[in-house]
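Structural overview for review
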Amino acid sequence: MIKKILIVAGIISTHFLHAQTRDAKSDSYRMKVYVDALMKKMTLDEKIGQLNLLNPGGGVATGAVVSSNVETKIKAGNVGGLFGVIGVDKIRRAQELAVNGSRLHIPLIFGSDVIHGYKTTFPIPLGLSCSWDTVMIERSARIAGTEASADGLSWVFSPMVDIARDPRWGRIAEGAGEDTYLGSKVAAAMVRGYQGNDLSAKNTVMACVKHYALYGAAEAGRDYNTTDMSRIKMYEYYLPPYKAAVDAGAGSVMSSFNEVDGIPASANKFLMTDVLRKQWDFKGFVVTDYTAINEMIEHGMGDLKTVSALALNAGIDMDMVGEGFLTTLKKSLTEKKVTLQQIETACRRILEAKYKLGLFDDPYRYCDSSRARKEVLSIDKRQSAREFAEHSFVLLKNNNQTLPLKKSGTIALIGPLANNKNNMLGTWAVSGDAQLSITVLDGIKNIIGSDVNILYAKGANISDDTSLAKKANVFGEKVDIDNRSPQELINEAVITANNADVIVAVIGEASEMSGESASRSDIGLPTSQKELLKALSKTGKPLVLVIMSGRPLTLPWESEIATSILQVWFPGHEAGNAIADVLFGNYNPSGKTTISFPRNVGQIPIYYNHKNTGRPLKGDVWQKFRSDYLDVANSPLYPFGFGLSYTTFSYEDVRVSTNNPKGNQSITATAKVTNTGKYAGEEVVQLYISDPVASVTRSVKDLRGFKKIMLQRGESKDVTFTITTEDLKFYNTGLHHVWEPGEFIIQIGTNSQDVKSVKLNWTK
Ligand code: NOJ
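Keep in mind it's a predicted model, so treat the numbers as computed, not measured.

Turning next to the sheet that holds strand β15 (residues 543–548). Ordered in space as β11-β16-β15-β14-β12-β13, the 6 strands form an open sheet in which the pairing is mixed. Only two strands of the sheet have a single partner each, and these edge strands are β11 (394–398) and β13 (452–457). Adjacent strand axes in the sheet meet at a mean angle of 15°, parallel and antiparallel pairs treated alike. Examined bridge by bridge, strand β12 (residues 409–414) and β13 share 6 bridges and lie parallel to one another. The residue bridging Ile411 from the neighbouring strand is Ile454, located in β13.

Quick look at the structure:
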């Protein structure tokens, strides 16, 4: 009987699969017929018009140029899409211009930088990644996509999947950190979240994977700077997250500003055609970053006509803001620098995106103002924002179990970010209203009972440096310099601290001290805040640091003087509530840092999966003629994957199903993890693999799995990972993805440094 059901189920599912493939085929056939017919009616100018993406201004412009005469251009069929238009009514009006005013009534696509939430703002992506919870991250993208689509948008410039190993680079805040494996999982989760199963559904949006490629490897951490790396490193560590996003079905890709191998990404045929189209089979469209085609003039690639032709030849479909395509492609066509087929292919890809989004069916699909009223900034989204923020915090230190705080006694809440709304959202929150943020002071007041007395003092400016303040304040006041002198602020803070049982200092960077065009050469706390901490530490009271920043800061001294450190990145709208929840133990922190914390800037780039070298340092004590420094240890202050909990976990009995696997067999690796502390808590169990001998040098270890588990007090669980030969693979000198038989070291642990290992010998 059971067998019969299984057979029937088998038949049904195969049948269903065939039906699905047929459907997908007929869908794409229908799309082809539709687009063919439309393109037959289009003039060359109209085809080139589709390749033009404009920003009418009014929102946040991230380059020097904003577009002019947008209305006229839309009516003339010279525009394919707009971004930076926020609000369902404005979008509807712009869509009406295209649909009623242009000859062929082709709808526009509307995009925006929805990076960590739309109007409801979630933690910055670096923070979200520290949850290691890809289901939650997918949900955050789903909610952001739902909210954005309710407000008229159909296209989001996210996910940003650039691997970054240099925290001087301000945009490290926008990605998932230093690791390729985790970064790839996050990339795919976000694409699934935005796009759902059906791009034409009213509550899904098209994702745009960026910044392709290698943007996070800018030399010296200076934004837009040159990148240069070997193909092996590129394929092994930098390209996989973009590929993972493409494999997850991302509808579009954004080219990056930087050059790769001497050719700016937007003219780079190897990236745009050989890898993206031929190797990865990407079917969507590629848009440049903001004026990236024009910027190739400064790169030294030629005049606007030349660089626009180079971009089209390389495989770029849409030109963001620069209008090089619009103004020069026709001429290049007559000069035979580009072909009609290239223009038509690009135009087709953009029309197909509009088709997939259902815009030809109904151009106002995403323009339902009743939906906007109901869904934008709804209470449930704020609740999710609180949950996401709590999960993104990383507890770096907690001496004497100072945290969680008792719900009694007097707390001195001190610091320039303690009662501050302007900085809670972090970078790239272009649609988020900072004034809707919950401050830490309010968050604490919201949850403490009458037994806690809370005292507040600002204590310091984020920075006293007026020139820095001016740079951080380009989008509004983030660094406000108090009328009182720095000493007066400190004096008040010390008096406040002396009247309390414990100090909670909320300190760090202003939100615009990270993000685009916000690189720093010194990533320590600004001097004003160091002075404050010096004075506070002299009081002898327990000192809890709550650190907000868009990057790991260098904190060697702070980590000595602080009793506890909670790294909260930029938590978004619900900052104060989430921080209060964690400080008082309503939520037990479970985040693990996805980026190594350097001890000083000289260690950068510092990342866990470095190579061994021929003279590796064993341990962390200096030795002559070893690869090390005279003035600092090799190890980071806090390693990749590190994060404490209010409880403790032990790892025992790490074992594999066989020590002698053969061929393509899959094996399991298991560890017994026990909650040995006083609270229930979540733990991110991490699997690393080392390949000590191979035909090319390998990193000392690479993450190959992780599982987030919940354990009650005293509870143990066996956590099992399946390992296949896919997990052993690497790119060899021929750029083939291979595994080679021999010894492998399987490691399971609580962070990249603290692991237990088993050796095995895997033969062919
Ligand atoms: C420049 C940024 O690099 C990119 O991330 C963003 O999507 C565009 N500007 C559009 O705002």
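On to the environment of Gly175. Following the sequence through the fold, Gly175 ends up in the loop between β4 (155–156) and α7 (180–195). The residues contacting Gly175, other than those within four sequence positions of it, are Pro125, Leu126, Ser129 and Met160.

Now for the packing of aromatic side chains. Counted by the stated rule, this structure contains 23 aromatic pairs. Taking 5.2 Å as the distance between ring centres and 50° as the angle between the ring planes, the aromatic pair formed by Trp155 and Phe285 counts as tilted. One end of the pair, Trp155, is in strand β4; the other, Phe285, is in strand β9 (residues 285–287), and 130 residues separate them in sequence. This pair shows no difference in class: Trp155 is buried, exactly as Phe285 is. When the centroid spacing of 6.1 Å and the interplanar angle of 70° are considered together, the rings of Tyr215 and Phe257 count as edge-to-face. Pair noted here: Tyr215 is in the loop between β5 (206–212) and α8 (231–238) and Phe257 is in the loop between β6 (252–255) and β7 (259–260), with a separation of 42 residues, a long-range link.

Annotation of the protein chain at the domain level lists domain 1 (46–373), domain 2 (389–594) and domain 3 (649–762). Here the C-alpha centroids of domain 1 and domain 2 sit 34 Å apart. Of the residues lining the interface, 40 residues belong to domain 1; the matching set on domain 2 comes to 35 residues. Regarding the contact of domain 1 and domain 2, the summed buried area is about 2800 Å², with carbon and sulfur atoms giving 61% of it. Ranking the residues of domain 1 by area buried against domain 2 places Thr121, Ile124 and Cys130 at the top, with a combined share of 19%. Scanning the region where domain 1 abuts domain 2 turns up 1 salt bridge. Between Glu516 and Arg171 there is a salt bridge, with the nearest N and O atoms lying 3.6 Å from each other. Linking domain 1 with domain 2 are 20 residue pairs in polar contact (both at pLDDT 80 or more). With 4 residues, helix α5 (residues 125–129) is the single largest residue contributor to the side of domain 1 that touches domain 2. Partitioning the side of domain 1 that touches domain 2 into residue classes produces 20 nonpolar, 11 polar and 9 charged.

Right, let's talk about the confidence of the model for the protein chain for a bit. Averaged over all residues, the pLDDT of the protein chain is 95; the fraction at 70 or higher stands at 96%. Overall, residues 1–17 carries pLDDT values under 50, and its contacts beyond four positions in sequence, including any with other chains, amount to 0 contacts.

Attention now goes to the pairing of strand β14 (residues 502–508). Burial of β14 is extensive: 7 of the 7 residues sit out of reach of the surface. Residues of β14 alternate between two faces, with Val502, Val504, Val506 and Gly508 on one and Ile503, Ala505 and Ile507 on the opposite face, all of them buried. The sheet contact formed by β12 and β14 spans 4 bridges and is parallel. The residue bridging Leu413 from the neighbouring strand is Val504, located in β14. With 6 bridges joining them, β14 and β15 adopt parallel strand pairing. Note on β15: the bridge partner recorded for Ile507 is Ile547. As for the winding sense of the linkage, the β-α-β connection from β14 through helix α20 (residues 527–537) to β15 is right-handed.

Leu82, Trp155, Tyr212, Leu239, Leu536 and Leu583 are the most contacted members of the largest nonpolar core, which has 206 residues in total. Considering every element that reaches this core, the biggest residue donor is helix α6 (residues 134–150), with 7 residues. With near-sequence residues (within four places) excluded, Leu82 lies in contact with Leu53, Leu54, Pro56, Val70, Ile74, Ala94, Leu108, Ile109, Phe110 and Gly111. Within the second largest apolar cluster, 24 residues are counted, among which are Phe649, Val719, Trp739 and Ile748.

Criteria and thresholds
- Residues numbered from 1 in each chain as written.
- Predicted model: local features only at pLDDT ≥ 70, side-chain atom pairs only at ≥ 80, totals over all residues.
- Heavy atoms only, no water.
- Pairing = 2+ DSSP bridges.
- Helix = DSSP H or I, 4+ residues; strand = E, 2+ residues; numbered from the N terminus.
- Axes fitted to C-alpha atoms, helices over the stretch in contact; angles between N-to-C directions.
- Contact = heavy atoms within 4.5 Å.
- Phe/Tyr/Trp six-rings, centres within 6.5 Å; stacked < 30°, edge-to-face > 60°.
- Buried < 20%, exposed > 50% of the residue type's maximum accessible area, 1.4 Å probe, protein only.
- Domains from an automatic or database assignment.
- Buried area = accessible area lost by both parts, 1.4 Å probe.
- Salt bridge = Lys/Arg side-chain N within 4 Å of Asp/Glu carboxyl O.
- Polar contact = N/O pair within 3.5 Å; in protein donor to acceptor, adjacent residues only side chain to side chain.
- Nonpolar A, V, L, I, M, F, W, Y, C, P; charged D, E, K, R; others polar.
- pLDDT = per-residue confidence, 0-100.
- Right-handed = clockwise from strand over helix to strand, strands pointing away.
- Core = buried A, V, L, I, M, F, W, Y, C linked by side-chain atoms within 4.5 Å.

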